Amino acid sequence: MQIINEPEQMQAIAEKLRLNRQLLAVVMTMGALHEGHLSLVKLARERAGTVILTIFVNPTQFGANEDLHRYPRPFEQDVALAKSAGVDYLFAPEAGSIYPEHYQTTLQCGAIAEQFEGQQRPGHFNGVATIVTKLFNITKPHTAIFGEKDAQQLAIIRRLVADLNLDVSVVAAPIVRETNGLAVSSRNIYLSSHERIAADVLYRGLCHAEQRLAEGELNLQKIVAEVAEMINSVPECRTDYVNFVDEESFALAERADAGKEYRLLLAVFCGSVRLLDNRKMSA
Ligand code: AMP
């Protein structure tokens, strides 16, 4: 595995691989690699002959009061994990080479980015869309793998690719969970052992909703209220939002049509840690 820090060097390598008719897949991360990230690398391996993993804690997607400086950066451990997962190129730039002096151009997302995570974190998705586009231009992939764990991000990236005619195929990877159902996340290390156990209520809430839809309950607001009550009854947990969206449009959904697909989105504080989870389900 080759480690590359400079955008121009990564671009030159990607260009040469393309000229040699190699299929390239990219997995973009902020590091602190875990089983979830490695499942994306595995999918990338199945899809392409060359796998590029990017590690970049993107400052422009963090708000002023968020955990940019506290975000874990276990680089040596990440290198070892990436190598054993079969990554060919690890692109890990410094912030200064991605956003040099005089940098000023950013992308502006549309309506999908203004709700849910976008409402809680103004500017977050503009930062995500900009860095994803830059990393597409630097790594020149045929395929890019993104996790369903960040369902709104995935929907926004699909829109970005379609709206800007980006020549890359986006593949969604299912959520990897711990044995109690808690979605694996770099932020789980901030949970106390108590909170980690309590946090299984997110998954239980998703399963409850899925079961209620399967039973024929079409009033999504009623299901949302039940899930919120379940979560808020756990002393360590407090809902930030619980919402159903239409799986196609990602628009807020309050009543279901039988046979259609919806996605329940959860953002929950467990202690001081904000956890995200979601699940697709059919009415
Ligand atoms: P992050 O490093 O948190 O920005 O995540 C990088 C990529 O890994 C994103 O596409 C995430 O959606 C994906 N990811 C993070 N956690 C998981 C998980 N538990 N299962 C599947 N994909 C994940």
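Just above sits the structure.
The rules behind the values
- Residues numbered from 1 in each chain as written.
- Predicted model: local features only at pLDDT ≥ 70, side-chain atom pairs only at ≥ 80, totals over all residues.
- Heavy atoms only, no water.
- Core = buried A, V, L, I, M, F, W, Y, C linked by side-chain atoms within 4.5 Å.
- Buried < 20%, exposed > 50% of the residue type's maximum accessible area, 1.4 Å probe, protein only.
- Helix = DSSP H or I, 4+ residues; strand = E, 2+ residues; numbered from the N terminus.
- Domains from an automatic or database assignment.
- Contact = heavy atoms within 4.5 Å.
- Axes fitted to C-alpha atoms, helices over the stretch in contact; angles between N-to-C directions.
- Parallel < 35°, antiparallel > 145°, perpendicular 65-115°, else oblique.
- Left-handed = near helix turned anticlockwise from the far one by under 90°.
- Nonpolar A, V, L, I, M, F, W, Y, C, P; charged D, E, K, R; others polar.
- Pairing = 2+ DSSP bridges.
- Phe/Tyr/Trp six-rings, centres within 6.5 Å; stacked < 30°, edge-to-face > 60°.
- Lys NZ or Arg CZ within 6 Å of the ring centre and 35° of its normal.

A. Representation of the nonpolar core within the structure. If you look at the biggest cluster of nonpolar residues, it comprises 42 residues, and the most contacted ones within it are M10, V132, F136, F146 and F250. Those elements that provide at least two residues to this core are α1 (7-19), β2 (24-29), β4 (89-91), α6 (124-139), β5 (143-147), α7 (151-163), β7 (237-246) and β8 (261-270). At 8 residues, α6 tops the list of elements feeding residues into this core. In terms of domain composition, this core takes at least three residues from each of domain 1 (2-173) and domain 2 (186-282). In contact with M10, other than residues within four places in its own chain, are I4, I52, Y89, F91, I138 and T139.

B. Seen up close, the packing of helix α9 (residues 200-214) against helix α10 (residues 220-232). Taken N-terminus to C-terminus, the directions of α9 and α10 make an angle of 155°; their axes are 9 Å apart at the nearest point. One finds that α9 runs roughly antiparallel with respect to α10. Here α9 and α10 pass one another in a crossing that is right-handed. For the pair formed by α9 and α10, the contact residues are V201, R204, G205, H208, A209, R212 and L213 on the first element and L220, K222, I223, E226, V227, M230 and I231 on the second. Residues of the contact of α9 with α10, tallied by class, amount to 8 nonpolar, 2 polar and 4 charged.

C. Focus on the sheet that holds strand β3 (residues 50-55). One open sheet accounts for 6 strands, arranged β1-β4-β3-β2-β5-β6; its pairing is parallel. Here the strands that pair on one side only, and so sit at the sheet edges, are β1 (2-4) and β6 (169-173). Looking at each pair of strands side by side, their axes are set apart by 25° on average, direction ignored. Summarising the sheet, β2 and β3 pair through 6 bridges and their orientation is parallel. For L24, the partnering residue across the bridge sits in β3 and is T50. Its contacts with the sheet place helix α2 (residues 35-47) against β2, β3, β5 and β6, and it is angled at close to 155° to β5. The sheet contacts of α7 involve β5 and β6, and relative to β6 the element is tilted by about 170°.

D. Seen up close, unusual backbone geometry. Positive phi values are uncommon outside glycine, yet F116 reaches one of about 45°. Relative to the elements of secondary structure, F116 occurs in the loop between α4 (95-98) and α5 (117-120). You can call F116 buried: its relative accessible area is 5%. Look at N165: it is not a glycine, yet its phi comes out positive at around 50°. Residue position: N165 is located in the loop between α7 and β6.

E. Here's a closer look at the environment of G216. Here G216 lies in the loop between α9 and α10. On the basis of relative accessible area, G216 is assigned to the partly exposed category, the value being 45%. C-alpha of G216 to C-alpha of I197: the two residues are 19 residues apart in sequence and 31 Å apart in space.

F. Structural view of the packing of aromatic side chains. If you walk through the whole model with that rule in mind, you get 6 aromatic pairs. A centroid spacing of 6.2 Å and a plane angle of 40° characterise the contact between F56 and Y99, whose relative ring orientation is tilted. Residue F56 is located in the loop between β3 and α3 (75-85), and its partner Y99 is located in the loop between α4 and α5; the two are separated by 43 residues in the primary sequence. Pair check on accessibility: F56 and Y99 agree, each one buried. Ring geometry for F62 versus Y71: centroids 5.9 Å apart, planes at 80°, classification edge-to-face. Among the aromatic residues, those joined into a cluster by ring pairs are F56, Y99 and Y103. Over the aromatic face of Y190 sits the side chain of R70, whose NZ or CZ is 4.2 Å from the ring centroid.

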